Structure formats: C-alpha cells, structure tokens
Amino acid sequence: MQYLFGMHPVIEAIKAGKKFDRILLKQGLEGPQYRELITLIGENDIPYQYVPVERLNRAVRGAHQGVIAYISNIDYVDLEQLVTNALTTSHNPLVVLLDGVSDVRNLGAIARSLECAGGSAIIVPAKGGAAINADAVKASAGALMRIDVAKVANLRVAAYYLQQSGFKLVAATEKVDRLMYDADLTGPLAIIMGSEGAGISKALLDLADDRVAIPMAGEISSLNVSVATSIIMYEAMRQRIQNNQ
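Residues numbered from 1 in each chain as written. Predicted model: local features only at pLDDT ≥ 70, side-chain atom pairs only at ≥ 80, totals over all residues. Heavy atoms only, no water.

(A) Fine view of the overall build of the protein. If you tally the helices and strands in the protein, you get 9 helices and 10 strands. Scaling as 2.2 N^0.38, a compact globule of 245 residues should have a C-alpha radius of gyration of about 18 Å, and the protein matches this with 20 Å. When its C-alpha atoms are laid out on the principal axes, the protein stretches across 60 × 40 × 35 Å. Nonlocal contacts in the protein, meaning residues at least 24 apart in sequence, comprise 80% of its contacts between residues at least 6 apart. When the accessible surface of the protein is split by element, carbon and sulfur atoms take 48% of a total near 12,300 Å². Between the centroid of the 23 positive side chains of the protein and the centroid of its 25 negative side chains there is a distance of 5 Å. (Helix = DSSP H or I, 4+ residues; strand = E, 2+ residues; numbered from the N terminus. Rg over C-alpha atoms; globule rule 2.2 N^0.38 Å. Contact = heavy atoms within 4.5 Å. Areas by Shrake-Rupley, 256 points an atom, 1.4 Å probe, with all protein chains shown as cover. Lys, Arg positive; Asp, Glu negative; His and termini not counted. Charge placed at Lys NZ, Arg CZ, Asp CG, Glu CD.)

(B) How the structure looks around the sheet that holds strand β2 (residues 20-26). Here 4 strands make up an open sheet; going across it, the order is β1-β4-β2-β3 and the pairing mixed. Two strands bound the open sheet, and with one partner strand each, they are β1 (3-5) and β3 (48-51). With direction set aside, neighbouring strand axes in the sheet form an average angle of 20°. Bridge count between β2 and β3: 4 bridges; the pairing is parallel. Note that in β3 the partner of Leu25 across the bridge is Tyr50. Against the sheet, helix α1 (residues 7-15) makes contact with β1, β2 and β4 (67-71), and its axis sits at roughly 125° relative to β1, the strand it touches most. This element, helix α2 (residues 32-43), spans β2, β3 and β4 of the sheet and lies at about 150° to β2. (Pairing = 2+ DSSP bridges. Axes fitted to C-alpha atoms, helices over the stretch in contact; angles between N-to-C directions.)

(C) Region of interest: the sheet that holds strand β8 (residues 168-172). Taken in spatial order, the 6 strands make up an open sheet running β7-β6-β5-β9-β8-β10, and their pairing is parallel. Since the sheet does not close on itself, it has two edges, and those belong to β7 (148-152) and β10 (210-212), each with one partner. Adjacent strand axes in the sheet meet at a mean angle of 25°, parallel and antiparallel pairs treated alike. As paired elements, β8 and β10 share 3 bridges and run parallel to each other. Residue pairing for β10: Ala172 is matched across the bridge by Val212. Lying over the sheet, helix α4 (residues 79-89) contacts β5 (94-99), β6 (121-125) and β7, oriented at roughly 150° with respect to β7. Contacts between helix α5 (residues 104-116) and the sheet are confined to β5 and β6, with β6 contributing the most and set at about 155° to the helix.

(D) Region of interest: α2. Over its 12 residues, α2 extends 17 Å from the first C-alpha to the last, a length consistent with the 16 Å expected when each residue adds 1.5 Å. All of the buried residues in α2 are Tyr34, Leu37, Leu40 and Ile41. What you see down the axis of α2 is that its buried residues fit within an arc of 125°, all on one side. Seen from the open side of α2, the exposed residues pointing more than 90 degrees away from its buried face are Pro32, Arg35 and Glu43. Backbone geometry just downstream of α2 places Asp45 in the positive-phi region, at approximately 50°. (Expected span 1.5 Å × (residues − 1). Buried < 20%, exposed > 50% of the residue type's maximum accessible area, 1.4 Å probe, protein only. Arc of directions from axis to C-beta.)

(E) Here's a closer look at the pairing of strand β9 (residues 189-194). Counting buried positions along β9 yields 6 of 6 residues, so the element is predominantly enclosed. Residues Leu189, Ile191 and Met193 point to one face of β9 and Ala190, Ile192 and Gly194 to the other, with burial holding for every one of them. Sheet analysis places β5 next to β9, joined by 6 bridges and oriented parallel. Across the sheet, residue Leu98 finds its bridge partner in β9, namely Met193.

(F) Structural context of the packing of α5 against helix α9 (residues 225-243). Viewed as axis vectors pointing N to C, α5 and α9 meet at an angle of 10°, and their least axial separation amounts to 9 Å. Taken together, the axes of α5 and α9 lie roughly parallel to each other. Crossing hand, α5 versus α9: right-handed. Taken together, the residues of α9 that come into contact with α5 (itself represented by Asn106, Ala109, Ile110, Ser113, Leu114 and Cys116) are Val225, Ser226, Thr229, Ser230, Met233, Tyr234 and Met237. Residue classes in the contact of α5 with α9 are distributed as 8 nonpolar, 5 polar and no charged. (Parallel < 35°, antiparallel > 145°, perpendicular 65-115°, else oblique. Left-handed = near helix turned anticlockwise from the far one by under 90°. Nonpolar A, V, L, I, M, F, W, Y, C, P; charged D, E, K, R; others polar.)

What follows is the structure in structure tokens.
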C-alpha cells in the first residue's frame, strides 16, 4: 500500500482531495500543524489511530514527524451515493454489509462473488474491518475496482439508512432454524454477514428484517465467511432468475 508521511505533505494531500485508507498519528502530538491536521481528518471522515512512535519508525525511514497516511487503493463512495447508485442501476440491487470481517482475502473473495452475482456494493466499518489494500484488490480479481465500496463509522446507522431506503435487511446466522430457501431474497436486498468468530453484532441482528441459516449436514458447524456469503448471494440470484421467467 502506498503511503505519505510528514505533517505538511499529508495536510496538503488531504486538501487536494487525496483519499486515504487510514492515518497513523504518534501518541502525544501537539502544535498548530497537528491541530490543522486533526481538523482535516475529522472534516473528511478519515479513519485514524494513535500509535507509539516505535511503530512509525518501523514503517518508514525518514522524518515522519509523527504522521503516516496510507493511500486508498480504491475510490470510496459515501453511503448516500452508494444507495442512490444501487437503486438507479437495478430494480433488484444487492448490497453486502460486513460486520467484523477482518481477513483481506475473505473481503476480496466476497467482492468477487458479489460482482459475479450482479451485486451493487459492499459496506464496511471504518474501524475493525479488513483493510482494502492491494492484497484485497488482488483477491477480488479487480472486483473492488468495479463495485461501490463505502466505509462507515457505524454499521447500524448504515443498515437503518438502507432499510429506510427500501432495502430488506437479511442477516445470516447459524443460530436460527429458518433456512435461506424460506426467505424472500428478491427486491432491494442487503445481506449482513459477520465474522467467523463473533458473528453479527446484536445491534444489527435486532435491526434485521429476517434471519436465515445455510443448511449444514457435516460435522463442521460453520463455513468460511466468503463461501457462506457466496452461497446466500447465489440463492438470491436463483430466486431473481426464477421470478423473471
């Protein structure tokens, strides 16, 4: 992943409209340039993190001045634009929300399957999710460059906005008996997927319009999250094809 470092270069890059995946700041920074930088970070909703100076020293060789900014590999869209694009390009838009999916290869594989299934977009959290870096783009076979991706501060707020915009929220969880075949997956649809360990947060589960499970016949009780997402997306695709016949 490309990066910039130093107070002035990062400030000027933000002012020029450069998109950043995240910014690392040395703990204890202060001064007028720092205050200008932190204001710009807030105004542009750029994820940031305070870290020990040792981490910055390991990352770059040079006078980083306590700031390293990682440049985005894709152009993110804001949530409102994502929803508008989805609803205007398809009468059956398909969106995926990823709650706690932290592996870049899983993220890339999900994006690849989504694009193949005619999906519109992926929504990820600004903090706690997989980095959308060169490895993720490679794993997606370039799909992350062709679909909309939004980073949001609060997934529940994003899910509620989708719901109010006419999307049905369907959460995938093994903790229910209702199978995905019994759910209506046509129309504007947002599939919520959680991490393989923690699953979907209670806040998102409570908001979902429907909760569905993938049938399991073996002794292993769960699927890789990218595989599970693909299975549900293609069930949605099957239903949509069937409805159009």
